[in-house]
Amino acid sequence: QVQLVESGGGLVQPGGSLRLSCAASGIIFRIYTMGWYRQAPGKQRELVATITSDGDTNYADSVKARLTISRTNAKNTVYLQMNNLKPEETAGYYCNARYRGIKEYDCWGQGTKITVSS
């Protein structure tokens with residue numbers, strides 16, 4: 001059974017930092033592209049960052065230079081270091097695992113909430 005479990009969300013002041021973690025089980029983690037997405041109230045889910053099995057990263061323009069995605073295959077975990085957070089980044093943050101081969105696999109975590117407010 002595939003499980004993606006996010007942690008690290010919470011309340012943070014504008015300009016503050018948080019580090020999200022997503023622990024995966026039930027998949028061959030090292031071959032999956034891992035990603036973070038977010039969904040603010042009343043808005044569509046949007047890409048934040050992805051990291052491939054080779055370690056190549058991709059970021060939404062709005063988060064470049066402030067957020068860093070990384071992975072530790074030995075721990076089946078992907079991270080999102082978030083610096084200089086802004087109020088408009090208040091949202092649910094969701095971990096995604098994706099593999100495209102002969103079959104496609106697309107898995108989501110339950111999400112962790114971040115509130116950026118003073």
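Because the structure is predicted, anything quoted here is derived from the model rather than measured.

Reading guide: rules and limits
- Residues numbered from 1 in each chain as written.
- Predicted model: local features only at pLDDT ≥ 70, side-chain atom pairs only at ≥ 80, totals over all residues.
- Heavy atoms only, no water.
- Core = buried A, V, L, I, M, F, W, Y, C linked by side-chain atoms within 4.5 Å.
- Buried < 20%, exposed > 50% of the residue type's maximum accessible area, 1.4 Å probe, protein only.
- Helix = DSSP H or I, 4+ residues; strand = E, 2+ residues; numbered from the N terminus.
- Contact = heavy atoms within 4.5 Å.
- Pairing = 2+ DSSP bridges.

Colleague: An account of the nonpolar core is requested, with residue identities and associated values reported.
Modeller: Met-34, Trp-36, Val-78, Leu-80 and Tyr-93 are the most contacted members of the largest nonpolar core, which totals 31 residues. Listing elements by their share of this core, those giving two or more residues are β3 (18–25), β4 (33–39), β5 (46–51), β7 (67–72), β8 (77–82), β9 (91–100) and β11 (112–116). Here Met-34 is in contact with Leu-4, Phe-29, Ala-49, Thr-50, Ile-51, Ile-69, Arg-71, Val-78, Cys-95, Asn-96 and Ala-97, once residues within four sequence places are set aside.

Colleague: Could you give an account of the environment of Ala-91, with specific residues and numbers?
Modeller: Mapped onto the elements of the fold, Ala-91 is located in strand β9. C-alpha separation for the pair Ala-91 and Val-116, spaced 25 residues apart in sequence, amounts to 8.8 Å.

Colleague: Break down the pairing of β7 for me, with residues and values.
Modeller: Alternating positions in β7 separate cleanly, Leu-67, Ile-69 and Arg-71 being buried on one face and Thr-68, Ser-70 and Thr-72 remaining unburied on the opposite face. Across six bridges, the pairing between β7 and β8 is antiparallel. Bridge pairing in β8 places Ile-69 opposite Leu-80. Counted between consecutive antiparallel strands, the loop separating β7 from β8 contains four residues, among which Asn-76 sits at a positive phi close to 50°.

Colleague: Describe the pairing of β8, and please don't skip the residues or the numbers.
Modeller: The buried fraction of β8 is high, at five of six residues. In this structure, β3 lies alongside β8, joined through six bridges in antiparallel fashion. Bridged to Leu-20 within β8 is Leu-80.

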